[in-house]
Amino acid sequence: AKQAEWEKEEKVMQDRLTQYEADLQRRETRDKKEREERLRLVRVEEEAAKATQEQRLEQWRRQDEERETQFAQQRLEHEAKLVEMEKHLKETEQKVAEITLKLEEAEREKRKRIREAEMVFKDSYFEVTAPGPPTASASIQPDYHRFRTSIVGWEEMEKNSAKSPSKSPKDQSFPSEGKDEEVTEKGKAKDTKKGKTHVVYCVVVQEFFDASNYLEWTIKRRFSEFKKLHDAIKSQFSRIPVPSLPSAGLLSSGSRSKDFLDGRQKGLDNMLAKMTTTDMFSDIEALHKFLDLGNPDRAISMHTVPKPDPKPEHSAYPEMFQTLV
């Protein structure tokens, strides 16, 4: 019985071993299939990734080729533009050189004309003399000057007196008070700050508005006002010779002081005449203020230059006329 029981158990054990081996074989087969499937999937994924990477590489290659083509085209365009710009630059430099030469030539011509004008001005400027008042025998030329001035004398005036020279409200650049020293009739020099007298010069101003009609008025100016006018014109025209101003000098006593003032009057008359008969000086505002041109309270008188008596036609031949007589 035990032997039969042992055989039975052995058979059971044999069946179990057989079943275990069959299960093990099935499991191994299943695992093998799973591994093969996994390997196949991995291989497929790798192939897909490789294909995708190749596609991307191909796409990048094509993009690189396109970029290189664009860069080549842009390089050619830039080189063409550079050549054109260099050509344009050369043309511009040539034009600039031509313009510079023209400007230099124009500047030389301008300087030459300025020098010629200055020489002509110097030649004609120092020949101007102080014109006197018009007379019946004087003939007015067509190219008349707008202003004519003449200093007819000088006189002593008390400071802050009623006889002090009237001035225009606009004439602020020529104050009546100055630092120059003047002389009295007795020949004693006095300072305007310490004394109560000063010397003024009487100027007759004539303003022509055509060849034969003019306005006339009289102004009184001190030497300091003449000096301020001279300094104003000299500062405005630095390259052109300005009429010279008589030196201030030191005043002496007696008859020498009168001679000194007479000489100063002549010098001031000559200077003012040159200023008023020179076109570039006669339109200056400082000169207009000095001449009291904008003062409505000035005493103006209107005059006409008398025409000379007409001469007979035979006056050009006096000897023939006398022979006929």
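What you see is a predicted model; the values in this text were computed from it and never measured.

Would you mind going over unusual backbone geometry in detail, with residue names and values included?
The backbone phi angle of Asp292 is positive, close to 60°, even though this residue is not glycine. Mapped onto the elements of the fold, Asp292 is located in the loop between helix 5 (285–290) and strand 6 (301–304). Relative accessible area serves as the criterion here: at 2%, Asp292 is assigned to the buried category.

Any chance you could break down the nonpolar core for me, citing the residues and the numbers?
In this structure, Tyr201, Phe226, Leu229 and Ile233 are the most contacted members of the largest nonpolar core, which totals 26 residues. Take this core: its biggest share by element is five residues, from helix 3 (residues 255–276). The residues touching Ile233, leaving out its near neighbours within four places in the chain, are Val242, Met275, Phe281 and Ile284.

Go over the pattern of salt bridges, please, and point to the residues and values.
Under the criterion given, the structure shown has 12 salt bridges. Here Arg26 and Asp23 are joined by a salt bridge, their closest N and O atoms 1.8 Å apart. With Arg26 and Asp23 both in helix 1 (residues 2–125), this residue pair falls three residues apart, about one helical turn. Among the salt bridges present, the one from Glu155 reaches Lys220, with a minimum N-O distance of 2.5 Å. You can see Glu155 sitting in strand 1 (residues 147–158) and its partner Lys220 sitting in strand 5 (residues 213–221), a full 65 residues away along the chain. Taking relative accessible area as the criterion, Glu155 reaches 28% and is therefore assigned partly exposed. Look at Lys220 and you get partly exposed, because its relative accessible area is 24%. Taken together, the salt bridges that share partners define one network made up of Glu58, Arg61 and Arg62.

Just give me the short version of the side chain of Gln265, but keep the residues and values in it.
Secondary-structure assignment places Gln265 in helix 3. Aside from chain neighbours lying at most four places away, what touches Gln265 is Ile151, Val152, Gly153, Trp154 and Tyr201.

Rules used in this analysis
- Residues numbered from 1 in each chain as written.
- Predicted model: local features only at pLDDT ≥ 70, side-chain atom pairs only at ≥ 80, totals over all residues.
- Heavy atoms only, no water.
- Helix = DSSP H or I, 4+ residues; strand = E, 2+ residues; numbered from the N terminus.
- Buried < 20%, exposed > 50% of the residue type's maximum accessible area, 1.4 Å probe, protein only.
- Core = buried A, V, L, I, M, F, W, Y, C linked by side-chain atoms within 4.5 Å.
- Contact = heavy atoms within 4.5 Å.
- Salt bridge = Lys/Arg side-chain N within 4 Å of Asp/Glu carboxyl O.

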